[in-house]
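Descriptive analysis of the structure
If you want the building blocks of each chain, they are given just below.
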Amino acid sequence: MTPVTRQEVLRLYRKIFRIAKKWESASGQTEETIKEKEYIKNEAKTLFRKNKNVTDPQLIKQCIEECEARIEIGLHYSIPYPRPIHLPPMGLAHKQGRVLRHQEKLRKISKPIYLKSHDEVS
């Protein structure tokens, strides 16, 4: 990891914890706010620890983009949880009816960047 990349990752990590410190739930309830703050902290710790040994520059860039996307979406919608995507069960299948593996491959490709690591951790 280059020094510039390392600084960018550390900047994002600190930014997440600053956001968690100031976080206020949309409902305004204290219990909900505490629960969401803990979720933000735990999710950040889990994902950063999971990816601490990543050395591939492309994969590091993808992780940084995912982190930035999740931060922006969370701040915009005032929810710390990843926004789900809704696809019909066979919405990506070809008209001839390809095999299920092809369907799963298309679903994986169509998954937004901010959900790439969510299924692996949750």
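The structure contained in this document is the topic of the report that follows. (Residues numbered from 1 in each chain as written. Predicted model: local features only at pLDDT ≥ 70, side-chain atom pairs only at ≥ 80, totals over all residues. Heavy atoms only, no water.)

When its secondary structure is counted, the chain shows five helices and zero strands. Overall, the chain shows an N-to-C arrangement of helices and strands of α-α-α-α-α. Within the chain, contacts between residues at least 6 apart in sequence are counted, and of these 66% link residues at least 24 apart. Carbon and sulfur atoms make up 56% of the accessible area of the chain, which amounts to about 9,000 Å² in all. (Helix = DSSP H or I, 4+ residues; strand = E, 2+ residues; numbered from the N terminus. Contact = heavy atoms within 4.5 Å. Areas by Shrake-Rupley, 256 points an atom, 1.4 Å probe, with all protein chains shown as cover.)

The subject of this paragraph is the pattern of salt bridges. Tallying each qualifying case throughout the model produces three salt bridges. With its nearest N and O atoms 3.7 Å apart, the salt bridge here joins R11 to E68. You can see R11 sitting in helix α1 (residues 3-22) and its partner E68 sitting in helix α3 (residues 57-77), a full 57 residues away along the chain. Linking E43 and R70 is a salt bridge whose minimum nitrogen-to-oxygen distance equals 3.0 Å. Of this pair, E43 sits in helix α2 (residues 30-50) while R70 sits in helix α3, placing them 27 residues apart in sequence. Note on accessibility: E43 and R70 belong to one class, buried. (Salt bridge = Lys/Arg side-chain N within 4 Å of Asp/Glu carboxyl O. Buried < 20%, exposed > 50% of the residue type's maximum accessible area, 1.4 Å probe, protein only.)

As a further point, take the side chain of S25. Looking at the secondary structure, you find S25 in the loop between α1 and α2. One polar contact links S25 to S27, side chain to side chain, over a distance of 3.2 Å. When neighbours within four sequence positions are excluded, S25 is seen to be in contact with E32, T33 and E36. (Polar contact = N/O pair within 3.5 Å; in protein donor to acceptor, adjacent residues only side chain to side chain.)

A few words now on the packing of aromatic side chains. Tallied over the full model, the rule gives three aromatic pairs. Each ring, one from Y39 and one from Y81, has its centre 4.6 Å from the other, and the planes form 55°; the classification is tilted. Note that Y39 is positioned in helix α2 and Y81 in the loop between α3 and α4 (100-110), a separation of 42 residues in sequence. (Phe/Tyr/Trp six-rings, centres within 6.5 Å; stacked < 30°, edge-to-face > 60°.)

For α3, spanning 21 residues, the distance from its first C-alpha to its last is 30 Å, which sits close to the expected 30 Å at 1.5 Å a residue. Among all positions of α3, only I60, I64, E66, C67, A69, R70, I71, I73 and G74 are buried. S78 lies just past α3 and shows a positive phi near 60°. (Expected span 1.5 Å × (residues − 1).)

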